[in-house]
Amino acid sequence: MLDLKKIRADFPILSREVNGKPLVYFDNAATSQTPQQVIDVIVDYYSNYNANIHRGVHTLSQEATDKYEAARHTIQKHFNAAHAHEIIYTSGTTHSINLVASGFSSLLQKGDEIIVSALEHHSNIVPWQMLCEKTGAILKVIPMNQDGELVMAEYDKLLNENTKLVFVNHISNALGTINPIEEIIEKAHQVGAAVLIDGAQACPHVKPDVQALDVDFYVASAHKICGPTGVGMLYGKEEWLNKLPPYQGGGEMIAEVSFTKTTYAGLPHKFEAGTPNICGGIAFGAALDYMNAIGFDAIAKYEQELLEYATKALLEIEGLKIYGTAKNKTSVVSFNLEGIHPYDVGTILDKLGIAVRTGHHCAQPIMDYFKIPGTVRASFAFYNTKEEIDTLVSGVKKAKMMLS
């Protein structure tokens, strides 16, 4: 059982008001809130040991370096990577995906095939389209059904000896669908293809084990997991990271530099050019420590209760339709009111202090599939309550009355 009173007290923002109403924050799929414990780590860095890392012999630099690399080990342990150098710090999921896409531009040939799913965020579509334009590779798509699930029989048909890469999200940001990534990875490996899993939406709810998954690449953002914005990670199997060329050139990623030839540093520094988000990396580790102290099993169980409670209550509103009814899904409810634009619903909810996301959620192909302009998306975290869901339901009813 979660101690909700204690947990909510950890998040200062949850005590504020918006438009004269207590804040109800249901935009967790866009970004989670940050607990005081992580805020304190950020303040401590800038107050006491702000310095550049890996380059100085002075005390502040050594302290910052030690804490930054300790956080890398925290991330390694959390995701169960075999080696700390398989964890590459990035600015977030999008950066991580683009790093891999850039690397494969020198490995793919014309006629090679890569596969994405119909449930992807734009950041797991556009880089691969750009990669195909550069290399002549062919992009293929695993279709979805009306429940928001991938049609796995069609995935089987897409796989062949020309398949080199498969890219799928662990959980859909727009619908909450939990994809069968274990099956996707295993089948891709059977034809010799590498797999990248976009874990941005999964990591707040589950604790991925990259070795058990046998995944080649796994990417995530700290700001979805109670951490700061502007930092994330790329996990890559050592063998793959050694095959990929550097993504950017500059300081830190070099071994030797001359005007005739430059040699590159080993992992992980090969992919970490320039001064990184030092404070962000340290806070990323602190955020994982915070969530692990609560426990991901307890988080998953409670968030499932919130999902079931919200789904039942919202479906009692006449004319409300939920998009994304997969058997396996996480705490996201994406819905519309018949005849009412989602933006208008979201605007009224905001006046009531309720923060939801409206639009296509950077997943326009999903909305095109359902032939809608977008949805209202309420996404729940472990610090939300059933009472807040009651407030949402009341707000949706008021929006319907005002806009019908």
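Residues numbered from 1 in each chain as written. Predicted model: local features only at pLDDT ≥ 70, side-chain atom pairs only at ≥ 80, totals over all residues. Heavy atoms only, no water.

Enquirer: Can you tell me about the overall build of the chain, naming the residues and giving the values?
Expert: When helices and strands are tallied, the chain shows 14 helices and 17 strands. Taken over the C-alpha trace, the chain has a radius of gyration of 22 Å; the compact-globule value for 404 residues is 22 Å, and the two agree within 12%. Counting only residues that meet the buried cut, the chain has 54% of its 404 residues in that class. Sequence separation of 24 or more characterises 71% of the internal contacts of the chain that already satisfy a separation of 6 or more. A total of about 17,300 Å² of accessible surface is found on the chain, and carbon and sulfur atoms cover 52% of it. (Helix = DSSP H or I, 4+ residues; strand = E, 2+ residues; numbered from the N terminus. Rg over C-alpha atoms; globule rule 2.2 N^0.38 Å. Buried < 20%, exposed > 50% of the residue type's maximum accessible area, 1.4 Å probe, protein only. Contact = heavy atoms within 4.5 Å. Areas by Shrake-Rupley, 256 points an atom, 1.4 Å probe, with all protein chains shown as cover.)

Enquirer: If you had to explain the domain arrangement of the chain to someone new, which residues and values would you point to?
Expert: Domain annotation of the chain identifies domain 1 (4–30 + 295–403) and domain 2 (39–293). Summarising the inter-unit geometry, the C-alpha centres of domain 1 and domain 2 are found 28 Å apart. Counting residues at the interface gives 35 residues for domain 1 and 34 residues for domain 2. Across the domain 1/domain 2 interface, buried area totals approximately 2,700 Å², and carbon plus sulfur atoms make up 58% of it. Counting the surface domain 1 buries against domain 2, the share from its top three residues, Phe296, Ile366 and Tyr369, is 25%. Of all the secondary-structure elements, those providing two or more residues to the side of domain 1 that touches domain 2 are helix H11 (296–315), strand E14 (332–337) and helix H13 (364–370). If you tally residues by element for the side of domain 1 that touches domain 2, the top one is H13, at 6 residues. (Domains from an automatic or database assignment. Buried area = accessible area lost by both parts, 1.4 Å probe.)

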